[in-house]
Amino acid sequence: MPSTFSGDETAPFFGFIGAAAALVFSCMGAAYGTAKSGVGVASMGVMRPELVMKSIVPVVMAGVLGIYGLIVAVIISTGINPKAKSYYLFDGYAHLSSGLACGLAGLAAGMAIGIVGDAGVRANAQQPKLFVGMILILIFAEALALYGLIVGIILSSRAGQSRAD
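What counts, and where the lines are drawn
Residues numbered from 1 in each chain as written. Predicted model: local features only at pLDDT ≥ 70, side-chain atom pairs only at ≥ 80, totals over all residues. Heavy atoms only, no water. UniProt positions renumbered as here; feature names shortened; annotations may be inferred. Helix = DSSP H or I, 4+ residues; strand = E, 2+ residues; numbered from the N terminus. Rg over C-alpha atoms; globule rule 2.2 N^0.38 Å. Buried < 20%, exposed > 50% of the residue type's maximum accessible area, 1.4 Å probe, protein only. Contact = heavy atoms within 4.5 Å. Areas by Shrake-Rupley, 256 points an atom, 1.4 Å probe, with all protein chains shown as cover. Lys, Arg positive; Asp, Glu negative; His and termini not counted. Charge placed at Lys NZ, Arg CZ, Asp CG, Glu CD. Salt bridge = Lys/Arg side-chain N within 4 Å of Asp/Glu carboxyl O. Patch = residues over 30% accessible without salt bridge, like charges linked within 9 Å, V, L, I, M, F, W, Y side chains within 5 Å.

Looking up the protein chain in an unreviewed UniProt entry gives the name V-type proton ATPase proteolipid subunit, with the organism given as Rhamnella rubrinervis. Under the UniProt heading Subcellular location (unreviewed entry), the note attached to the protein chain is "Vacuole membrane".

Right, here's the structure in full:
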């Protein structure tokens, strides 16, 4: 029975690995950032319970990292349809690099948010003037994941440009 598949047979493997990498690594960063800064919030809440809601910012920022990975994973997975359009190794590698860029940037940002969030909320409990500085550091850490998201979207848009069909 002839196959209706067009393109390289192994190319979708790399595309799907890219989608998985975007989601898994971003969620690992989000989980680490949430857990690490959540421990700081819990520890700080014992001393200053009135600051708990104000100190939840790092937890929210860490949670956004998973959304970045989800966005790129959806973009990649919708671009993989070898029966409708030829899917070559170039396309698979473009999707793989897209997922890795977003996922690993999200993992790094999650680690930074977790460490800064933990230390920042504890320090904020002792000196409230540190709050703005903590938020600025968290914004710069979140920007790392945003860079990964942007590069991931650009790389995934390169898929499909390997050959003129």
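**A short note on the overall build of the protein chain**
Tallying secondary structure elements over the protein chain gives four helices and zero strands in all. Counting helices and strands in the order they occur from the N terminus, the protein chain gives α-α-α-α. Compactness check: the protein chain gives a C-alpha radius of gyration of 20 Å against a globular reference of 15 Å for 165 residues, more than 25% above the reference. Principal-axis analysis of the C-alpha atoms gives the protein chain an extent of 70 × 25 × 15 Å. The burial tally for the protein chain puts 42% of its 165 residues in the buried class. Pairs at least 24 apart in sequence give 86% of the contacts found in the protein chain among residues at least 6 apart. Carbon and sulfur atoms provide 74% of the accessible area of the protein chain, an area that totals close to 8400 Å². Of the side-chain charges in the protein chain, 9 are positive and 7 negative, and the distance between the mean point of each set is 11 Å.

**Concerning the pattern of salt bridges**
Oppositely charged side chains are able to pair whenever their charged atoms sit close together. Enumeration over the complete set of coordinates arrives at three salt bridges. The closest approach of N and O atoms between Lys-36 and Asp-118, which form a salt bridge, is 3.5 Å. Of this pair, Lys-36 sits in helix 1 (residues 11-47) while Asp-118 sits in helix 3 (residues 89-126); the two residues are 82 residues apart in sequence, bridging distant segments of the chain. The buried category is assigned to Asp-118, whose relative accessible area is 11%. When the shortest N-O distance is used, the salt bridge between Glu-50 and Arg-48 registers 2.7 Å. Note on Glu-50: relative accessible area 54%, which makes it exposed. According to the relative accessible area criterion, Arg-48 is partly exposed, its value standing at 27%. The network of salt bridges with shared partners includes Lys-36, Asp-118 and Arg-122.

**A short note on a nonpolar patch on the surface**
A surface patch of nonpolar side chains, about 470 Å² in accessible area, is lined by Leu-144, Leu-146, Tyr-147, Ile-150 and Ile-154. Within the secondary structure, Leu-144 sits in helix 4 (residues 131-158). The exposure class of Leu-144 is partly exposed, given its relative accessible area of 41%.

**A few points about the environment of Ala-141**
Residue position: Ala-141 is located in helix 4. Judged by relative accessible area, which is 7%, Ala-141 ranks as buried. Each C-alpha atom, one on Ala-141 and one on Ser-86, is 38 Å from the other, the two residues being 55 residues apart in sequence. Setting aside anything within four residues of it in sequence, one finds Ala-141 in contact with Ala-109, Ala-112 and Ile-113.

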